[in-house]
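Summary of the model geometry
The primary structure of each chain is shown beneath.
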Amino acid sequence: MPRVTYTQEAFNAGEMAPRIGKRVTQSQYLRGCRTFTNMFPLPQGPAERRLGTRYVGEVKDSVEETRLIPFIFSDIDSYIMEFGNAYIRFYRNFSVVTNGDVGAAGVSTDPYEVTSPYTTSDLPNIKYAQDGDIMYMTAGGTQHRPQKLSRLGTGQFTIENLANVNGPVEDVIEQSLTLTASGTSGSITVTASTAIFQAAHVGSLWEIRNTSGAVSSRGYFRITAFNSSTSVNADVVGDNLFGTGATSYWGEAAWSGVRGYPKSIAFHESRLAFGGTNESPLTVYFSKSNANYEDYDYADAGNADAMTITLSGQKNTIQWLVSDTNFLVAGTYGGLAFVGSGSSTQALTPETIQARNGESYGSKRVQGLLFATGVKYIQSNGKILYQSEYDDISLKYRTINITSLNDEILSGVEYMSVQTEPYEVLWMVDTDGKLVGFVQEDEQEVKAFTRYTTDGEFESVAVTPNFGQDQVYVIVKRTIGGATRRYIEYIEPLRELNYYVDSGVEYNGREQSIALTFAATTGTNITVTAGSAKFSSSDVGRKILTFDSAGNPVGRATITGFSTSTQISVDITADFASTSLTDWYLTATTISGLSHLEGETVQVSSDGAFVGEQTVSAGSVTIPDDNAGGLIYVGLKYASDLRTFAVEAGGQNGPAVTKPKRIHRVGFSVYETAGFKYGRDFDNLIVTPSRSAAQDMNDAVPLFGTGEVQDYVYSMNGRWSRDPVCVMRQDFPAPFTIAALTYYMVTNDT
């Protein structure tokens, strides 16, 4: 029986489906895993544990589903908007915007809120496009006109119906009935010779011309009230009407509660495009160019004028629009279409506009997005992720199935959002409550899926920039004390903080603005003077400490007496390096701010050391005095799991795919990793040692592979199997990064 070794050198193919079988020479197989949960595939090759989520706040009404939408003015000025049933709330710098923050009426500490026309059932249908301080939105159907959300100078927001002018309208031709206006300006009454109007026409914009139908005579009115099927009240919009005589030349509004409102929206070549109403499901409406986004005047057919185009073929209805270099990509239920001028050197105008059909891979209503190379979108059944990319040689879009090697990862995507920094990730919220990430790095041939799970269900995701890197926000539906709670949380972006709990809070006792002066660096009853007021009598018993670069406390003192807010006495239990401290921590043992997890079991990490599990009571937890810390994280536990595919290392007489094998040792090449678990399956796990007997239990857990990847070899509880694997789990609030995995094994060649 030959003894062999085999090394899996990378894990950046992420999770793959079992149907990949035994394609043991396939590149993705060699870098992939069968289970890849709460892990992140680094483009460089390793897999690292995902960071935890921080609690921001509960949504307004946890009974109702809510949605997050980003409002991004710049990389340092952005908001997350909470859309709920007929309202919008705003979050900035990781906290809710209050009335006091923006000078709004009402209680200053209450969340600032804007009334929205969208109800809970509308939320999944909202599509949006933003330009500076203005966001345009639409949700299709027959209930709501397109909306215009504007940020004012005070930081307040307004939302109103889009006041589109000069169209769009249906073709103006000689009709069989006439319309008569009671006046030429202001508020008027419009009378039809036979029944034409419906109550759902209120708010819609119509065109009317003189009896000759001359384009130069055109005028517009917006219906403000329904009187009867032959009479409506209206306001003249723009120039005066031609006169008050009856005319058979008029055009019905293209958008209304009767014909439907657009389902999709995008900016393209300095125009605002809407697409797909109920009555015209394959029509795209372009505004005038040069950022005249609300003007749909098409009559002169000049290069800058508005225009419409209707897609051909069995496309059914436009679900979304995306601007991709030379084309506006339209995702429809029956496939893709591409609208453009037909040339990269030619502008899109009424004269050059044309549409091409793409491949017939239909799309769900989920907004398609530009990501990495090409447009990514979800198939109509919600279970396949497609990539459509323009081919400069064939001059066509080529569509491929990104999920071909993992056809089980998606069960029904509801929302998507793109992260670009520090890594390119397409985030997808699935109907089964998981958050799926797709990582693409073409230079390293990385296309990898990962699934994030938590004690609850992910329901929405949105990404905003945050000072050089992107911030991923989520809504998580959790069950707390038997009741449904929906929380807004964000994934911690900074790995160096070693933050590994969910829905967590932090106690940070770091002080850098108030200097301390010690009478001595060692001893008891030492006088300490603060540069300004800091202390109170309740601080007696707390500790002052400093840390070295590795995160271990190097100076420690217990406060034994209080004199004034600037003077205390201490007993020094670990000598300080200097009598002057400008960067120090004041410890705590009680961590509050946990009422959102009342009654739940949480993990506690204090200064990098796992303290254990506590139950939240009265919104707080208390840890032993020996574990008092200056930086404490408290939150829900989650497990990061990785399971490899079956090992193929060969035998004496060729491949060993079906031969019995036994793994007796495993070598782990890790980077900045604390103790973790491993084994032949998740029911038989072995805990790796996390510290030596000589190390202080109050110190931070030492990391394996600090500064560079290091190797550690442990015995394996393997059994004879034709498909041996290794599993790894990290469920302590600590980091785990696996760079390579080496199997020491025996193969039975008989």
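These remarks concern the structure in this document. Just so it is clear, the model here is predicted, and its values are computed rather than measured.

Overview of the overall build of the protein chain
Across its full length, the protein chain holds two helices and 61 strands. Projecting the C-alpha coordinates of the protein chain onto the three principal axes gives extents of approximately 100 × 80 × 50 Å. Every one of the 750 residues in the protein chain was classed for burial, and the buried ones make up 55%. For the protein chain, restricting intrachain contacts to residue pairs at least 6 apart in sequence, the fraction spanning at least 24 positions comes to 63%. A total accessible area of about 29,600 Å² is found for the protein chain, and carbon and sulfur atoms account for 45% of it.

Considerations on the nonpolar core
Counting residues in hydrophobic clusters, the biggest one holds 33 residues, and the most contacted among them are Leu 516, Phe 518, Phe 535, Ile 544, Val 570, Val 621 and Val 634. Looking at this core, the elements with two or more residues in it are strand S41 (502-508), strand S43 (516-518), strand S44 (526-530), strand S46 (553-564), strand S47 (567-574), strand S49 (584-586), strand S51 (601-606) and strand S54 (631-636).

Section: the pattern of salt bridges
Per the counting criterion, the structure on display carries 32 salt bridges. The shortest N-O distance in the salt bridge between Arg 209 and Glu 207 comes to 2.7 Å. Given the relative accessible area of 7%, Arg 209 is considered buried. For Glu 207, a relative accessible area of 0% corresponds to the buried category. Note that Arg 729 and Asp 641 form a salt bridge whose closest N and O atoms lie 2.7 Å from each other. With Arg 729 in strand S60 (residues 727-730) and Asp 641 in strand S55 (residues 640-644), the pair connects residues that are 88 residues apart, well separated along the chain. Considered together, Arg 729 and Asp 641 belong to a single accessibility category, that of buried residues. Each of Asp 77, Arg 92, Asp 133 and Arg 151 takes part in salt bridges that share partners, so that together they form one network.

Some thoughts on empty space enclosed by the protein
Scanning all chains against the criterion turns up five cavities of 30 Å³ or more. Within this model, the largest cavity holds a volume of roughly 140 Å³. Lining the largest cavity are 16 residues, and of these Ser 78, Asn 93, Thr 464, Pro 465 and Asn 466 sit closest to its centre. Mapped by element, the contributors of at least two residues to the lining of the largest cavity are strand S8 (77-84), strand S9 (87-92), strand S38 (457-466) and strand S39 (469-480). No other element matches the four residues that S8 contributes to the lining of the largest cavity. Residues belonging to the lining of the largest cavity are distributed by class as follows: eight nonpolar, five polar and three charged.

A look at the packing of aromatic side chains
Enumeration over the complete set of coordinates arrives at 45 aromatic pairs. When the ring of Tyr 136 is compared with that of Phe 267, the centres are 6.3 Å apart and the planes differ by 70°; the resulting orientation is edge-to-face. Of this pair, Tyr 136 sits in strand S13 (residues 134-138) while Phe 267 sits in strand S22 (residues 264-268), placing them 131 residues apart in sequence. What links up through ring pairs into an aromatic cluster is the set Phe 71, Tyr 79, Phe 90, Tyr 112 and Phe 157.

Remarks on the sheet that holds strand S28 (residues 335-340)
The four strands lie next to each other as S26-S27-S28-S29, forming an open sheet whose pairing is antiparallel. Two strands in the sheet have a free side with no partner beyond their single neighbour: strand S26 (318-324) and strand S29 (354-357). Each strand of the sheet is rotated relative to its neighbour by a mean of 25°, with strand direction disregarded. By the bridge criterion, four bridges tie S28 to S29 in an arrangement that is antiparallel.

Observations regarding the side chain of Ser 280
Relative to the helices and strands, Ser 280 is located in the loop between strand S23 (271-275) and strand S24 (283-286). Given the relative accessible area of 12%, Ser 280 is considered buried. In contact with Ser 280, other than residues within four places in its own chain, are Glu 170, Arg 259 and Tyr 285.

Details of the sheet that holds S23
Ordered by their spatial adjacency, four strands build an open sheet running S22-S23-S24-S25, and the pairing between neighbours is antiparallel. Of all strands in the sheet, those with a lone pairing partner are S22 and strand S25 (307-310), marking the two edges. Within this sheet the neighbouring strands show an average axis-to-axis angle of 20°, counted without direction. Note that S22 and S23 share five bridges and pair antiparallel. Looking at the pairing, Ser 264 lines up with Gly 275 of S23.

Section: the environment of Phe 732
Secondary-structure assignment places Phe 732 in the loop between S60 and strand S61 (737-747). On a C-alpha basis, the gap between Phe 732 and Phe 676 in space is 7.7 Å, while along the polypeptide they are 56 residues apart. Among all residues touching Phe 732, those that are not within four sequence positions of it are Arg 49, Gln 603, Phe 610, Gly 675, Lys 677 and Val 687.

A closer look at the pairing of S23
Burial runs high along S23: five of the five residues are buried. What you see with S23 is no split at all: Arg 271, Ala 273 and Gly 275 on one side and Leu 272 and Phe 274 on the other are buried throughout. Linking S22 to S23, which pair antiparallel, is a turn of two residues; within it Glu 269 sits at a positive phi near 50°. Here S23 runs beside S24; their pairing, made up of three bridges, is antiparallel. Bridge pairing in S24 places Ala 273 opposite Phe 286.

Procedures and definitions
- Residues numbered from 1 in each chain as written.
- Predicted model: local features only at pLDDT ≥ 70, side-chain atom pairs only at ≥ 80, totals over all residues.
- Heavy atoms only, no water.
- Helix = DSSP H or I, 4+ residues; strand = E, 2+ residues; numbered from the N terminus.
- Buried < 20%, exposed > 50% of the residue type's maximum accessible area, 1.4 Å probe, protein only.
- Contact = heavy atoms within 4.5 Å.
- Areas by Shrake-Rupley, 256 points an atom, 1.4 Å probe, with all protein chains shown as cover.
- Core = buried A, V, L, I, M, F, W, Y, C linked by side-chain atoms within 4.5 Å.
- Salt bridge = Lys/Arg side-chain N within 4 Å of Asp/Glu carboxyl O.
- 1 Å grid on protein atoms, 1.4 Å probe; cavity = no way out; pocket = protein on both sides within 12 Å on 5 of 7 lines; lining within 4 Å.
- Points joined across faces, edges and corners; volume = space filled by probe spheres on them.
- Nonpolar A, V, L, I, M, F, W, Y, C, P; charged D, E, K, R; others polar.
- Phe/Tyr/Trp six-rings, centres within 6.5 Å; stacked < 30°, edge-to-face > 60°.
- Pairing = 2+ DSSP bridges.
- Axes fitted to C-alpha atoms, helices over the stretch in contact; angles between N-to-C directions.

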